[in-house]
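Chain and residue survey
Chain by chain, the residues run as shown.
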Amino acid sequence: MSGPVLKFCADVVFALAGAEMPMTLDGVPVAHDSAIKARAGQSLAVGAIKGAGQRAYLAVAGGFDAPVVLGSRATFGLGRFGGNATGTLRAGHVLRLARASLSGVKPASEPADLTREWSVRVLYGPHGAPDFFLDEDIGTLFSTDYEVHFNSARTGVRLIGPAPKWAREDGGEAGLHPSNLHDNAYAIGAIDFTGDMPIILGPDGPSLGGFVCPAVIARDEQWKMGQFKPGDRIRFHPVAREGMWHQHPRYPLCPAGHLPSRGRLQRRTTIARQLALRILRLRVGKPAPPSNLPLRGDGRQTRGGTAWRALAGSPILATIDSGPVPVAYRRQGDDNLLVEYGPMQLDIALRLRVHLLMEAVKAAKLPGLIDLTPGIRSLQIHYDSLTLSRSHLLGLLAEIEQSLPPVSEVKVPSRTVYLPLSWNDPDAELAMRKYQELVRPNAPWCPSNIEFIRRINGLADEQAVKNTIFDASYLVLGLGDVYLGAPVATPVDPRHRLVTTKYNPARTWTPENAVGIGGAYMCIYGMEGPGGYQLFGRTIQVWNTWRQTPVFGKDKPWLLDFFDQLRFFPVSHDELTEARAAFPHGGYPIRIEEGEFSYAAYEKMLSENASSIGAFKARQQSAFEAERQRWKAGTRPRQLHLRRGRRQRTGG
């Protein structure tokens, strides 16, 4: 594919870097990786890539001028916003020049060498052996040449390579496949195992997801992601960072496992605690004694004697075992830390503790803090490691941890939002059919995701699936699971928690606002794109980029908030089509009830219904185990499915 033809409307200096793409200025060839002067009225024609590399980058002196959308001038092509106008460039668009000051500009270094055989440095973690992978799986990760799959993009680079053998049989409530986990935030450059296929998550990848990531590409190596071309070979090499980048002169590292002295942090955490309590209307419980909160390097994770382990270290940097809830601090690349609470299970109490931690860290106003992203039982802290060292961040978090109150009396705002749902919508069915025809014809969830949901949960028929979903009240635990404000939510009542596995490998296409279940979680897809949840219908938009309406306010294009509760009501496909056309313009009002979520009331409900909840879970676990045994045996049950509007019975 050839590059663009650009006409300059003003005098400017430009350069093209990255992959080699021949250029002509008014028909005269000009050099790559060089500063070129262009006059107003001249035209630049860019040809097709020659040789290695996948992308080239056009730079102009002073930069391009673009509006700030959600704090960034970047373009999000799939979301169709940001950058110059409505996402990606089209013929006739005008790029305006910023003419920013050029003071302090450094001379260009030598161009990076592009190749078809890449060596890429990575940091081990956040997930690794022995809890998710076998030692030999991680050894394979660091000794294999992976091939870049043709179906790769800015969202993620799919890789062809050996499947892990895995350290566990499944992900429990997170899903049937051992790659499944309770959703946590992703780092850019993470190697994400979506089932058995590794995918390098790019700058347009999801911010939240439910798959394990054994390594993250090092910060100074991430430019390579933009140059991986289908057919290229990639070898990952683990590197350690302690004593290297994080040895910043203003924040020297302390010995492993030792808390740094932080006199001023005590005052900060006290203020943070007071603000968090004021926001959440909590009563303070007795904090755990400080002496019970030592940080220790997890030596158990570093034994084994393999060469990769000696170099990579442990994915777990430190733990706190003696507080009210166990805490693990996981390495997540150079500039992210994943704080993880409790055992690997769905527990709303853990999500509320994550919320308390997030509010306390916000109030502490840490220098270098970039972003906070909560997951189901974790909090990702994105920070500038050249401003805030990892050891000092760990010390602050340990002090905050001992000041957090218990969740037993937490009450948080919780709206109930009622959304229309087209059951087994034709567009959701189309996504299932495309997957069966183009990706994995013999997948156990083909041809009908709803039948798969019925079978794996031990329900009598598809009507029972439908009744359960429409009876449920889904508590929003995370946002951005599959882009653009997409909620990851679970039913408040455990008897409504249908459990499935996620697609392996993932779908390449999902319609906007399709609704599905993955693990014990429901998600509404914020936009068209890939996905792995088992689909059962479609609803209205949860994101509105360009318009303000009664439910999409200024600077808040997402519909839902943390701890909202979602209720679905049935509509036909035609009714949903009309609703989708009107809703972004404010022409389809939805019912929203203000309220709160009380953990004490929730605990009381669990206690009063413990017997029936236990019976439901036992039946569900039995069906779950039966499905797993069918997978191992390689058999498929007889099942019902819909094709072209007719109900048919297919053989196994």
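Please read all numbers here as calculations on a predicted model, not as lab measurements.

Notes on the overall build of the protein chain
The secondary structure content of the protein chain amounts to eleven helices and 38 strands. A buried classification covers 53% of the 652 residues belonging to the protein chain. Carbon together with sulfur atoms contributes 53% to the accessible area of the protein chain, which is approximately 28100 Å² in total.

Brief notes about the confidence of the model for the protein chain
Reading predicted coordinates in detail is not appropriate for stretches of low pLDDT. Summing up the model confidence of the protein chain, the mean pLDDT is 84 and the portion of residues at 70 or higher is 87%. Predicted confidence is poor over residues 243–305, with pLDDT under 50, and the contacts of this stretch with residues over four places away or in other chains come to 119 contacts. Below a pLDDT of 50 lies the segment residues 638–652, which in the model reaches 37 contacts outside its immediate sequence neighbourhood of four places, other chains included.

What about the packing of aromatic side chains?
Under the counting rule described, the total for this entry stands at 25 aromatic pairs. Between the aromatic rings of Trp118 and Phe228, the centroid separation amounts to 5.4 Å while the plane-to-plane angle is 75°, which identifies the pairing as edge-to-face. Note that Trp118 is positioned in strand S12 (residues 117–124) and Phe228 in the loop between strand S18 (208–217) and strand S19 (233–238), a separation of 110 residues in sequence. The exposure classification of Trp118 matches that of Phe228, with both residues buried. On the numbers, 6.0 Å between centres and 85° between planes, the contact of Trp166 with Phe193 is edge-to-face. You can see Trp166 sitting in the loop between strand S14 (156–160) and strand S15 (180–185) and its partner Phe193 sitting in strand S16 (residues 190–194), a full 27 residues away along the chain. Here Trp166 falls in the buried class, since its relative accessible area comes to 8%. Through a chain of ring-to-ring contacts, three or more aromatic side chains come together here, namely Phe76, Phe81, Tyr483, Trp543 and Trp558. Above the ring of Phe211, the side-chain terminus of Lys502 is found at 5.0 Å from the ring centroid. Sitting above the plane of the Tyr503 ring, Arg507 keeps its charged end 4.5 Å from the centroid.

Brief notes about helix H4 (residues 348–364)
The first and last C-alpha atoms of H4 sit 25 Å apart over 17 residues, in line with the 24 Å expected at 1.5 Å per residue. Among the 17 residues in H4, 16 count as buried, and that is most of the element. Where H4 begins, one side-chain oxygen reaches toward the backbone nitrogen of Ala349, 2.9 Å away; that side chain belongs to Asp347.

Details of the packing of helix H7 (residues 449–456) against helix H11 (residues 610–633)
For the pair H7 and H11, interaxial distance at closest approach is 7 Å and the crossing angle is 115°. Within the contact between the two elements, H7 uses Phe452, Arg455 and Ile456 and H11 uses Gln620, Ala623, Phe624, Glu627, Arg630 and Trp631.

Points about the sheet that holds strand S3 (residues 23–25)
Reading across the sheet, the four strands line up as S1-S6-S3-S4 and stay open at both edges, with antiparallel pairing between neighbours. The open sheet has two edge strands, strand S1 (5–7) and strand S4 (28–30), and neither has a second partner. Shown here is a sheet whose adjacent strand axes are inclined to one another by a mean of 25°, direction ignored. Note: S3 against S4, three bridges, orientation antiparallel. By the bridge assignment, Leu25 is partnered in S4 with Val28.

Some remarks on the side chain of Gln380
Positionally, Gln380 belongs in strand S24 (residues 378–383). Judged by its relative accessible area of 5%, Gln380 is buried. In terms of polar contacts, Gln380 uses its side chain to reach the backbone carbonyl oxygen of Tyr186, at 3.0 Å. Here Gln380 is in contact with Ala185, Tyr186, Ala187, Gln332, Asn336, Leu337, Leu338, Asp371, Leu372 and Thr373, once residues within four sequence places are set aside.

Details of the sheet that holds strand S2 (residues 12–18)
With respect to topology, three strands assemble into an open sheet ordered S5-S2-S7, the strand pairing being antiparallel. Two strands close off the open sheet at either side, each with one partner strand: strand S5 (36–38) and strand S7 (56–60). Ignoring strand direction, the axes of neighbouring strands in this sheet form an average angle of 30°. Strand direction decides the pairing type here: S2 and S7, joined by five bridges, are antiparallel. When the bridges of S7 are listed, Ala17 appears paired with Tyr57.

Some remarks on the pattern of salt bridges
With the rule as written, the count across this model stands at 29 salt bridges. Arg154 is paired through a salt bridge with Asp204; the nearest N and O atoms lie 3.0 Å apart. One end of the pair, Arg154, is in the loop between strand S13 (145–148) and S14; the other, Asp204, is in the loop between strand S17 (197–201) and S18, with 50 residues separating them in the sequence. Note on Arg154: relative accessible area 39%, which makes it partly exposed. What you see here is one network of salt bridges that share partners, running through Glu451, Arg454, Arg455, Glu627 and Arg630.

Comments concerning unusual backbone geometry
The residue after Ala129, namely Pro130, is reached through a cis peptide bond having omega 5°. Considering the arrangement of structural elements, one finds Pro130 in the loop between S12 and helix H1 (135–141). With an omega dihedral of -5°, the bond running from Asn504 to Pro505 counts as a cis peptide bond. With respect to the element layout, Pro505 can be found in the loop between strand S28 (487–491) and strand S29 (507–510). A positive phi is found at Asp33, a non-glycine position, where the angle reads about 60°. Inspection of the secondary structure puts Asp33 in the loop between S4 and S5. On the basis of relative accessible area, Asp33 is assigned to the partly exposed category, the value being 36%. Positive phi, normally seen in glycine, also occurs at Arg99, with a value near 55°. Tracing the chain through its elements places Arg99 in the loop between strand S11 (96–97) and S12. For Arg99, a relative accessible area of 48% gives the class partly exposed.

Details of the nonpolar core
Judged by nonpolar contacts, the single largest core of 78 residues is most densely connected at Tyr329, Leu337, Leu352, Leu357, Leu397 and Phe597. Per-element accounting of this core gives the leading share, eleven residues, to H4. Judged by nonpolar contacts, the second largest core, of 35 residues, contains Met522, Ile524, Leu559 and Leu576.

A word on the pairing of S2
Alignment of S2 against S5, held across three bridges, turns out to be antiparallel. By the bridge assignment, Phe14 is partnered in S5 with Ile36.

Focus: helix H8 (residues 462–471)
Listing the buried residues of H8 in full gives Glu462, Ala464, Val465, Thr468, Ile469 and Phe470. The N-terminus of H8 is capped by Asp461, whose side-chain oxygen sits 3.2 Å from the backbone nitrogen of Gln463.

So, how was this worked out
Residues numbered from 1 in each chain as written. Predicted model: local features only at pLDDT ≥ 70, side-chain atom pairs only at ≥ 80, totals over all residues. Heavy atoms only, no water. Helix = DSSP H or I, 4+ residues; strand = E, 2+ residues; numbered from the N terminus. Buried < 20%, exposed > 50% of the residue type's maximum accessible area, 1.4 Å probe, protein only. Areas by Shrake-Rupley, 256 points an atom, 1.4 Å probe, with all protein chains shown as cover. pLDDT = per-residue confidence, 0-100. Contact = heavy atoms within 4.5 Å. Phe/Tyr/Trp six-rings, centres within 6.5 Å; stacked < 30°, edge-to-face > 60°. Lys NZ or Arg CZ within 6 Å of the ring centre and 35° of its normal. Expected span 1.5 Å × (residues − 1). Polar contact = N/O pair within 3.5 Å; in protein donor to acceptor, adjacent residues only side chain to side chain. Axes fitted to C-alpha atoms, helices over the stretch in contact; angles between N-to-C directions. Pairing = 2+ DSSP bridges. Salt bridge = Lys/Arg side-chain N within 4 Å of Asp/Glu carboxyl O. Core = buried A, V, L, I, M, F, W, Y, C linked by side-chain atoms within 4.5 Å.

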